[in-house]
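This is what each chain is made of:
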Amino acid sequence: MFVSWPILVFLGFGVFCVGTVVGSFLNVCIYRLPWQKSVIWPASHCPRCHGALSPSDNIPIIGWIALRGECRMCGLPISARYPLIEALVGLLFLGLYVVDVLLAPTEAWGQIPVSALATLGYHCLFMALLVAATFIDYDLMIIPDEVTVTGMVLGIGLGTLFPWIRPEPSTAVSHWAGLGVGILGLLAGAGLTAFIRSSFSFLLRREAMGFGDVTLMGMIGAFLGWQAAVLSFFLFPFFGLAHAGWKLMKYIGKRMAGIQSSSADREIPAGPYISMAAAFLMYSWPWLWPLWARNLFEMLHAIFWFMLGVNVGPLR
Ligand SMILES: [Zn+2]
């Protein structure tokens, strides 16, 4: 498909708008899914006066601004988090458009391969699931199966239908191979997390991480392949450092003031930071994989076989 740059800009704006609409739907999911409520029915309404929102109030970002953040009927403040999540998802989708479409390798400038648009759709879907997992985990320290199991099914299903859609080196040439890569990714992501979780729970003598983190990592493996899942797991603590440091300072402050601290003072959710690591990998993968990660995995591969006593050539 050949397009000129005004069309590329217009497409980018379109992707941003789609992102804000998806963000609007995710707001409903984040608010209702943990309570087993339908995300379709009833339509959005004010929790105090039960007044329904008009169609124009439902326009992402603009609706909230037009209402000045208050219910039209009773004046109850509407959290600024709603338009912020809508804008966030719009920007996340726009970033994926830049990486997957604008910077995709092409034969000539202005050529958009249809496969690049398919990859963009695949990544946007995955990003939406990560955003839902992030905010539900942040609010309630749980990640519902509605997000992660749906994600595992979609990751494996789409990777089977379109075996070339996963990032290198998890692309496959046949449907069966695509299915295999997805299942291997799921097992590697969930298995690694389950292993570390039970080891740490044993050492710390209390629950470390939640089972939701195990299924979240399974979803990441199903979508991106086992290498990206393993990297997400080792990168996520870096994304959580600031939150952990802030929690620690609050905890020390409470101890010094002689206030009783609870177990919640020593816990932060892992899901948001696992999701951030996976999102970071989606943006950086076209450069991260060939320039750094491929060598890392080749080295680990050689060390693994070396330790088993199998000679696979000299270690670099
Ligand atoms: Zn109201």
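Computed from a predicted model, the values in this text were never measured in an experiment.

Comments concerning the overall build of the protein chain
Across its full length, the protein chain holds nine helices and zero strands. Listed N to C, the secondary structure of the protein chain is α-α-α-α-α-α-α-α-α in terms of helices and strands. Computed over the C-alpha atoms, the radius of gyration of the protein chain is 22 Å, within 12% of the 20 Å expected from 2.2 N^0.38 for a compact globule of 316 residues. Judged by the C-alpha coordinates and their principal axes, the protein chain covers about 75 × 65 × 30 Å. Long-range pairs, those at least 24 residues apart, make up 67% of the contacts in the protein chain with a sequence separation of at least 6.

Describing the nonpolar core
Formed by 66 residues in total, the largest nonpolar core has its most connected members in M127 and A132. Going through the elements one at a time, α1 (5-32), α3 (81-102), α4 (114-140), α5 (145-161), α6 (175-204), α7 (211-224), α8 (226-256) and α9 (271-307) are the ones with two or more residues in this core. Per element, the largest residue contribution to this core is 14 residues, and it comes from α4. When neighbours within four sequence positions are excluded, A132 is seen to be in contact with L26, C29, I30 and V147.

Points about the environment of Y138
One can find Y138 in helix α4. Here the alpha-carbon distance between Y138 and Y283, two residues 145 residues apart in the chain, equals 23 Å. Ignoring any residue separated from it by four or fewer positions in sequence, one finds Y138 in contact with P269 and P272.

Quick word on unusual backbone geometry
For residues that are not glycine, phi is negative in most cases, and the peptide bond is trans in most cases. Residue E168 is joined to P169 through a cis peptide bond whose omega torsion reads -5°. Its place among the elements puts P169 in the loop between α5 and α6. The backbone of H50 shows a phi angle near 60°, a positive value even though the residue is not glycine. Positionally, H50 belongs in the loop between α1 and α2 (62-66).

Points about the domain arrangement of the protein chain
Each assigned domain of the protein chain is listed here: domain 1 (1-112) and domain 2 (115-316). Here domain 1 and domain 2 have C-alpha centroids that lie 25 Å from each other. Domain 1 puts 18 residues into the contact, and the matching count from domain 2 is 20 residues. Contributing elements (two or more residues each) for the side of domain 1 that touches domain 2: α1 and α3. Among the elements that take part in the side of domain 1 that touches domain 2, α3 stands out by supplying 10 residues, more than any other. A breakdown of the residues in the side of domain 1 that touches domain 2 according to their chemical character gives 16 nonpolar, one polar and one charged.

A few points about α3
Since the α-helix turns once every 3.6 residues, residues separated by three or four places project in the same direction. Here α3 spans 30 Å end to end across 22 residues, near enough to the 32 Å set by a 1.5 Å rise per residue. Listed in full, the buried residues belonging to α3 are Y82, P83, I85, E86, V89, G90, L92, F93, L96, Y97, D100 and V101. Buried residues in α3 make contact with α1, α2, α4 and α9.

Side note on the packing of α8 against α9
To characterise two packed helices, one gives the angle between the axes of the helices and the distance between these axes. Running from N to C, α8 and α9 cross one another at 120°; their axes reach a closest spacing of 8 Å. Considered as vectors, α8 and α9 are oriented oblique to each other. α9 is crossed by α8, and the crossing has right-handed handedness. Across the interface between the two elements, Q227, A228, L231, S232, L235, F236, F239 and G240 from α8 touch Y273, I274, M276, A277, A278, F280, L281, A293 and F297 from α9. When its residues are assigned to classes, the contact of α8 with α9 shows 14 nonpolar, three polar and no charged.

As for the environment of S284
Among the secondary structure elements, S284 is positioned in helix α9. Taking the C-alpha atoms as reference points, S284 and V99, 185 residues apart in sequence, are found 8.4 Å from one another.

What about the packing of α6 against α8?
Two elements in contact, α6 and α8, have axes separated by 8 Å at closest approach and are oriented at 20°. Judged on the interaxial angle alone, α8 and α6 are roughly parallel. For the pair α6 and α8, the crossing hand works out as right-handed. Listed contacts from α8 to L184, G185, A188, G189, L192 and T193 of α6 are W226, A229, V230 and F233.

Focus on α6
Between its terminal C-alpha atoms α6 stretches 43 Å, which fits the 44 Å expected from 30 residues at 1.5 Å a residue. Every buried residue of α6 is listed here: G178, V181, G182, G185, L186, A188, G189, A190, L192 and T193. Residues of α6 that are buried sit in contact with α5, α7 and α8. Downstream of α6 by one or two residues, R205 has phi in the positive range, about 60°.

What counts as what
- Residues numbered from 1 in each chain as written.
- Predicted model: local features only at pLDDT ≥ 70, side-chain atom pairs only at ≥ 80, totals over all residues.
- Helix = DSSP H or I, 4+ residues; strand = E, 2+ residues; numbered from the N terminus.
- Rg over C-alpha atoms; globule rule 2.2 N^0.38 Å.
- Contact = placed C-beta atoms within 7 Å.
- Core = buried A, V, L, I, M, F, W, Y, C linked by C-beta atoms within 7 Å.
- Buried ≥ 20, exposed ≤ 12 C-beta atoms within 10 Å, placed from the backbone.
- Domains from an automatic or database assignment.
- Nonpolar A, V, L, I, M, F, W, Y, C, P; charged D, E, K, R; others polar.
- Expected span 1.5 Å × (residues − 1).
- Axes fitted to C-alpha atoms, helices over the stretch in contact; angles between N-to-C directions.
- Parallel < 35°, antiparallel > 145°, perpendicular 65-115°, else oblique.
- Left-handed = near helix turned anticlockwise from the far one by under 90°.

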